[in-house]
Amino acid sequence: MVNTIIDINADVGEGLDNEAMLMPFISSCNIACGGHAGSMDTMRTVVKLAKAYKVKIGAHPSFPDKENFGRIKIEMLCADLYTSLKHQIRDLLLVLREENAVLHHIKPHGALYNLAAVDETIGNVIIEVMKSLPYPVKLYVPYGSVIEKRAREEGIPILVEAFADRNYNEDLTLVSRQQDSAIISDFDEMFNHVYTMIIKKKVKTLTGVEINMEADTYCVHGDHPNVEKSLEKLTEKLKQNHINIM
């Protein structure tokens, strides 16, 4: 069987201090940079760990809303949102320069990510931020989303992302965290979910319908229960099935 190569990413620097346990099992990370969580100190700590484990480093900017962990929409002028995102990414870039490391990608967080999937105005703000960066950086985007379409139109390099530990609706939006069924916590269910997306290029939605899905990178949330053990088992079983993480 021919080996398949995928990327597995995790959101880190969000205050759980579990990064050292996650890094051995992921190939890229998304570092909170002050919007919903994180500080210059946490960024430095996580960047050092990512370098040690040769994990690609991404910025994880969000609406500036630590109170709600960036999980609700904040009404902002586009110019103010642009400035906030630029400042968040700038802070991580400062740390990366100190540590002689490189920014690989940007992945919006929480409500910002979900809105960019369907809202062209929000998507355009993110595209303008990407175009302002000092060198080409990849953008992690949901499959079939508005932000994917806009990024392709503007020549922004992208990696299409799917979620290893979240259930999907039939329109390929994520099931709301307000529902008990949002998170996939059973390991066998998680593996089958990921394996189906990789091999069949389909995702089984919450209603049981299979929808086309293609992805380059798969996210495991760093704040989910037993995430360290789930990641270890997931990467091991993927490798047993000739799917390597790089």
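Report on the accompanying structure. (Residues numbered from 1 in each chain as written. Predicted model: local features only at pLDDT ≥ 70, side-chain atom pairs only at ≥ 80, totals over all residues. Heavy atoms only, no water.)

## A short note on the overall build of the protein chain
And then number 1: Regarding its fold elements, the protein chain presents eight helices and 10 strands.
And then number 2: On C-alpha atoms alone, the protein chain measures out to a radius of gyration of 17 Å, which is about the 18 Å that the 2.2 N^0.38 rule sets for 246 residues.
And then number 3: For the protein chain, the C-alpha atoms occupy an extent of roughly 45 × 40 × 35 Å along the three principal directions.
And then number 4: Within the protein chain, the proportion of its 246 residues that are buried is 51%.
And then number 5: Taking as baseline every contact in the protein chain between residues at least 6 positions apart, the subset at least 24 positions apart corresponds to 68%.
And then number 6: Carbon and sulfur atoms provide 50% of the accessible area of the protein chain, an area that totals close to 11,300 Å².
And then number 7: Across the protein chain, the mean location of the 27 positive side-chain charges is 5 Å away from that of the 34 negative side-chain charges. (Helix = DSSP H or I, 4+ residues; strand = E, 2+ residues; numbered from the N terminus. Rg over C-alpha atoms; globule rule 2.2 N^0.38 Å. Buried < 20%, exposed > 50% of the residue type's maximum accessible area, 1.4 Å probe, protein only. Contact = heavy atoms within 4.5 Å. Areas by Shrake-Rupley, 256 points an atom, 1.4 Å probe, with all protein chains shown as cover. Lys, Arg positive; Asp, Glu negative; His and termini not counted. Charge placed at Lys NZ, Arg CZ, Asp CG, Glu CD.)

## Digging into helix α6 (residues 146-154)
Every α-helix carries 3.6 residues per turn, so stepping three or four residues along brings you back to the same face.
And then number 1: All of the buried residues in α6 are I147, E148, R150 and A151. Take α6 and look down its axis: the buried residues cluster within an arc of 165°, on one side only. Away from its buried face by more than 90 degrees, α6 exposes K149 and R152.
And then number 2: Where α6 is buried, its residues meet α4 (110-116), α5 (120-132), β5 (138-142) and β6 (158-163).
And then number 3: Backbone geometry just downstream of α6 places G155 in the positive-phi region, at approximately 70°. (Arc of directions from axis to C-beta.)

## What about the packing of aromatic side chains?
And then number 1: Enumeration according to the criterion identifies two aromatic pairs in this entry.
And then number 2: A ring pair is formed by Y113 and F163, whose centres lie 5.6 Å apart and whose planes are at 90°; its orientation type is edge-to-face. Within this pair, whereas Y113 is found in helix α4, its partner F163 is found in strand β6, the two being separated by 50 residues in sequence. Take Y113 and F163: they sit in the same class, and that class is buried. (Phe/Tyr/Trp six-rings, centres within 6.5 Å; stacked < 30°, edge-to-face > 60°.)

## Some remarks on unusual backbone geometry
Negative phi is the rule for most residues except glycine; trans is the rule for most peptide bonds.
And then number 1: Positive phi is not limited to glycine here, since F69 has a value of about 55°.
And then number 2: Tracing the backbone through its elements, the reader meets F69 in the loop between β3 (56-60) and α3 (78-98).
And then number 3: Phi at L172 takes a positive value of approximately 70°, unusual for a residue other than glycine.

## Looking at α3
And then number 1: In this model, α3 (21 residues) spans 30 Å end to end at C-alpha, consistent with the 30 Å of a helix rising 1.5 Å per residue.
And then number 2: In this structure, the buried residues of α3 make contact with β2 (28-32), α2 (40-52), β3, β4 (103-106), α4 and α5.
And then number 3: In the segment just after α3, N100 is the residue with positive phi, at about 55°. (Expected span 1.5 Å × (residues − 1).)

## Topic: the packing of helix α7 (residues 187-199) against helix α8 (residues 227-240)
And then number 1: The contact between α7 and α8 brings their axes to 10 Å, and the two run at 45°. In terms of their interaxial angle, α7 and α8 are classed as oblique. Of the two elements, α7 crosses α8, and the hand of that crossing is right-handed. Note on element contacts: α8 touches α7 through S230, K233, L234, K237 and L238, opposite F187, D188, M190, F191, V194 and I198.
And then number 2: A breakdown of the residues in the contact of α7 with α8 according to their chemical character gives seven nonpolar, one polar and three charged. (Axes fitted to C-alpha atoms, helices over the stretch in contact; angles between N-to-C directions. Parallel < 35°, antiparallel > 145°, perpendicular 65-115°, else oblique. Left-handed = near helix turned anticlockwise from the far one by under 90°. Nonpolar A, V, L, I, M, F, W, Y, C, P; charged D, E, K, R; others polar.)

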